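Letter by letter, the chains look like this.
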Amino acid sequence: MDDVEAPIFYDDEGDFVGHEYFQDADYEYDYEENIERETLLELYQYCLSPTVYDTASYILPLLISTILFRLCARSQYISHKVFHVLSMLIGIYNIYHYVTECLYILLVLCIFSYITLHVPKNYCKSVGIFLPPLFIIVYCEFSMPPVVWHKIRSVVMTMAMKTISVAIDKIDSNNLPNIYSYMGYTFCGVTCLFGPWISFKDYISARYINHQDKWWILCAIQCTFLSFVFLTMSNCWTQWIVMDNSWKWLLAYRDALSFRTSHYFISYIASTALLIGGFPQTLTTIVKPLKVEFPRSLVQVVICWNIPMHFWLKTYIFRPSIKYLGKFGAITMTYLTSALLHGLNFQLAAVLLSLGFYTYIEFQLRSMLANIFDACISSKQCTKNKCTHTYNTHNSWWVFPTNMMFSGLSVFHLAYLGLMFDTSELQDTGYSYIHTIEKWYQLGFASHWVMFATYCIYFSIR
């Protein structure tokens with residue numbers, strides 16, 4: 001990932017294809033109620049074993065199809081045109097098998113997006129590129145049953161990101177892909193279902209260049225193992241460790257952690273598919289759980305939450321927008337785009353926009369404090385052995401606790417923002433604004449008040 005001079009602040013909520021292993025939360029409790037914890041044997045019999053078995057059976061067809069994709073990509077007896085056709089057919093099979101409801105919608109999106117590539121620049125400028133995916137998202141939002149749209153929106157989002165990236169790259173380079181490679185890329189059997197977004201160039205490289213070393217199979221096994229570890233954490237361990245009669249903030253952290261580990265599960269399954277499919281190992285790092293769970297700052301969280309989407313938003317939204325809207329305007333546009341790609345959902349928009357303001361205020365305050373005290377306490381850590389600050393963790397005792405204080409504040413904000421993604425009845429249809437407000441009201445809007453106080457501190461000393 002290349003560095004940029006201007007920071008980028010955004011997040012992505014990791015909802016993918018119906019795999020949302022969130023835990024229900026109710027913050028009105030009778031603390032005198034005696035809730036017995038399951039034994040480890042009961043936990044294994046009634047949660048761990050069925051969860052692992054059912055999920056392994058569910059993803060097995062996907063992994064088999066990625067093996068087939070790899071064989072097609074590596075075969076010298078298959079022409080490039082045939083490879084792209086086979087890639088498209090494998091992707092269509094996966095979509096038909098898992099999310100049949102969106103197959104025709106994706107076909108319409110790809111066809112209309114490819115047509116817009118042939119429209120002259122004078123008639124289809126940057127805004128016109130976003131019209132086909134925007135139209136599809138709005139159509140799905142208002143015409144589909146909420147349960148269906150909630151199930152397929154991540155697949156539509158991944159397809160929309162692919163079509164937009166190709167269109168913008170075409171404006172910059174005038175290099176128009178043919179229909180075979182375009183359809184093979186957008187319906188790529190490895191990434192069409194769980195993601196992540198990969199560039200058209202990376203898709204082509206799977207055919208022409210072998211970037212993998214001989215240990216790729218071990219990396220795939222490792223990713224698969226980690227994915228199931230996070231799956232069991234999300235579905236079983238968090239609920240078992242933190243009981244329902246615990247303190248409300250501990251419950252909030254539990255539910256947020258359950259949501260985050262479900263995202264880690266999906267991310268590592270996607271990494272496994274990329275490795276088996278023959279893609280470069282540099283593309284397989286989708287999420288960095290340790291940097292999310294033990295963050296230096298919220299800026300680090302939003303970067304490490306979904307690295308491919310971070311790169312997409314940085315390249316295709318933030319950088320072009322900053323030229324016309326300035327830094328704050330580009331940040332707002334980036335988060336609005338991320339929210340729109342996830343669908344017209346109040347809760348997602350509220351979380352993403354809150355996170356956008358949080359990261360902007362945190363970055364500005366810590367940058368200012370780092371300059372005033374000439375200390376390594378900014379949001380982004382200095383490059384190892386290249387810190388230019390006078391005071392750092394090696395020569396000043398107070399730098400480390402200061403960074404730890406901001407780290408703890410980030411964990412607090414993550415618990416607050418993530419607690420609402422539970423397994424209530426609204427999970428299958430998407431969460432309403434009432435659900436969002438009620439969840440935050442139960443915690444007294446504490447995170448928003450803390451961030452308002454942070455902004456006041458920043459405003460008073462800037």
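Refer to the structure printed above.
Here the structure is a predicted model, which means the values were calculated and not measured.

(A) A look at the overall build of the protein chain. Across its full length, the protein chain carries 17 helices and 0 strands. Burial status across the protein chain gives 55% buried among its 462 residues. A total of about 21700 Å² of accessible surface is found on the protein chain, and carbon and sulfur atoms cover 64% of it.

(B) How the structure looks around the side chain of Thr158. Turning to its location among the elements, Thr158 is positioned in helix 6 (residues 146-173). Classification of Thr158 as buried rests on a relative accessible area of 3%. Ignoring sequence-local partners within four residues, the contact set of Thr158 consists of Thr191, Gly195 and Pro196.

(C) Here's a closer look at the packing of aromatic side chains. Going through the model one piece at a time under the given rule, you end up with 27 aromatic pairs. When the centroid spacing of 5.8 Å and the interplanar angle of 10 degrees are considered together, the rings of Phe69 and Phe279 count as stacked. You can see Phe69 sitting in helix 1 (residues 40-74) and its partner Phe279 sitting in the loop between helix 10 (248-277) and helix 11 (289-293), a full 210 residues away along the chain. Here the aromatic rings of Tyr185 and Phe200 are separated by 5.4 Å at their centres, their planes lie at 90 degrees, and the arrangement is edge-to-face. Separated by 15 residues along the polypeptide, Tyr185 in helix 7 (residues 179-186) and Phe200 in helix 8 (residues 200-208) bring together distant segments of the chain. Aromatic ring contacts, followed pair by pair, group Phe69, Phe83, Tyr185, Phe200, Tyr203 and Phe279 into a single cluster. Seen from the ring of Trp216, Arg70 lies directly overhead, with NZ or CZ sitting 3.8 Å from the centre.

(D) Geometry of the packing of helix 14 (residues 346-373) against helix 15 (residues 399-418). Their axes nearest at 12 Å, the elements helix 14 and helix 15 cross at an angle of 170 degrees. Judged on the interaxial angle alone, helix 15 and helix 14 are roughly antiparallel. Judged by residue contacts, Val351, Ser354, Leu355, Tyr358, Glu362, Arg366 and Leu369 of helix 14 engage Asn403, Phe406, Ser410, His413, Tyr416 and Leu417 from helix 15. Here the residues of the contact of helix 14 with helix 15 sort into 7 nonpolar, 4 polar and 2 charged.

(E) Representation of the side chain of Arg366 within the structure. Following the sequence through the fold, Arg366 ends up in helix 14. A residue is classified by how much of its surface remains accessible, and Arg366, at 0% relative accessible area, is buried. Setting aside residues up to four positions removed in sequence, Arg366 forms contacts with Arg296, Ser297, Ile377, Ser378, Ser379, Asn403 and Phe406.

(F) Region of the structure containing the pattern of salt bridges. Following the criterion strictly, the structure yields 4 salt bridges and no others. Between Lys151 and Glu101 there is a salt bridge, and its shortest N-O distance comes to 3.4 Å. Of this pair, Lys151 sits in helix 6 while Glu101 sits in the loop between helix 2 (80-98) and helix 3 (103-117), and the two are 50 residues apart along the sequence. The residue Arg260 makes a salt bridge to Glu293 at a minimum N-O spacing of 2.7 Å. Residue Arg260 is found in helix 10, and its partner Glu293 is found in helix 11; the two are separated by 33 residues along the sequence.

(G) How the structure looks around the state of the cysteines. Taken as a whole and assessed by the stated rule, the structure comprises 1 disulfide. The disulfide bridge from Cys47 ends at Cys236, spanning 1.9 Å between sulfur atoms. Its S-S torsion of about -90 degrees marks the bond between Cys47 and Cys236 as left-handed, since a negative value means left-handed. In this pair, Cys47 sits in helix 1 while Cys236 sits in helix 9 (residues 216-241), placing the two residues 189 residues apart along the sequence.

(H) Representation of unusual backbone geometry. In the segment running from Gly195 into Pro196, the intervening peptide bond is cis, with an omega of 0 degrees. The residue Pro196 is located in the loop between helix 7 and helix 8 in this model. Residue Asp374 is not a glycine yet carries a positive backbone phi of 50 degrees. The topology assignment puts Asp374 in the loop between helix 14 and helix 15. The backbone of Phe445 shows a phi angle near 50 degrees, a positive value even though the residue is not glycine. Take Phe445: it is sitting in the loop between helix 16 (433-442) and helix 17 (446-461). When its relative accessible area of 26% is taken as the criterion, Phe445 is described as partly exposed.

Conventions adopted
Residues numbered from 1 in each chain as written. Predicted model: local features only at pLDDT ≥ 70, side-chain atom pairs only at ≥ 80, totals over all residues. Heavy atoms only, no water. Helix = DSSP H or I, 4+ residues; strand = E, 2+ residues; numbered from the N terminus. Buried < 20%, exposed > 50% of the residue type's maximum accessible area, 1.4 Å probe, protein only. Areas by Shrake-Rupley, 256 points an atom, 1.4 Å probe, with all protein chains shown as cover. Contact = heavy atoms within 4.5 Å. Phe/Tyr/Trp six-rings, centres within 6.5 Å; stacked < 30°, edge-to-face > 60°. Lys NZ or Arg CZ within 6 Å of the ring centre and 35° of its normal. Axes fitted to C-alpha atoms, helices over the stretch in contact; angles between N-to-C directions. Parallel < 35°, antiparallel > 145°, perpendicular 65-115°, else oblique. Nonpolar A, V, L, I, M, F, W, Y, C, P; charged D, E, K, R; others polar. Salt bridge = Lys/Arg side-chain N within 4 Å of Asp/Glu carboxyl O. Disulfide = S-S within 2.5 Å.

Any functional reading would require information that these geometric values do not contain.
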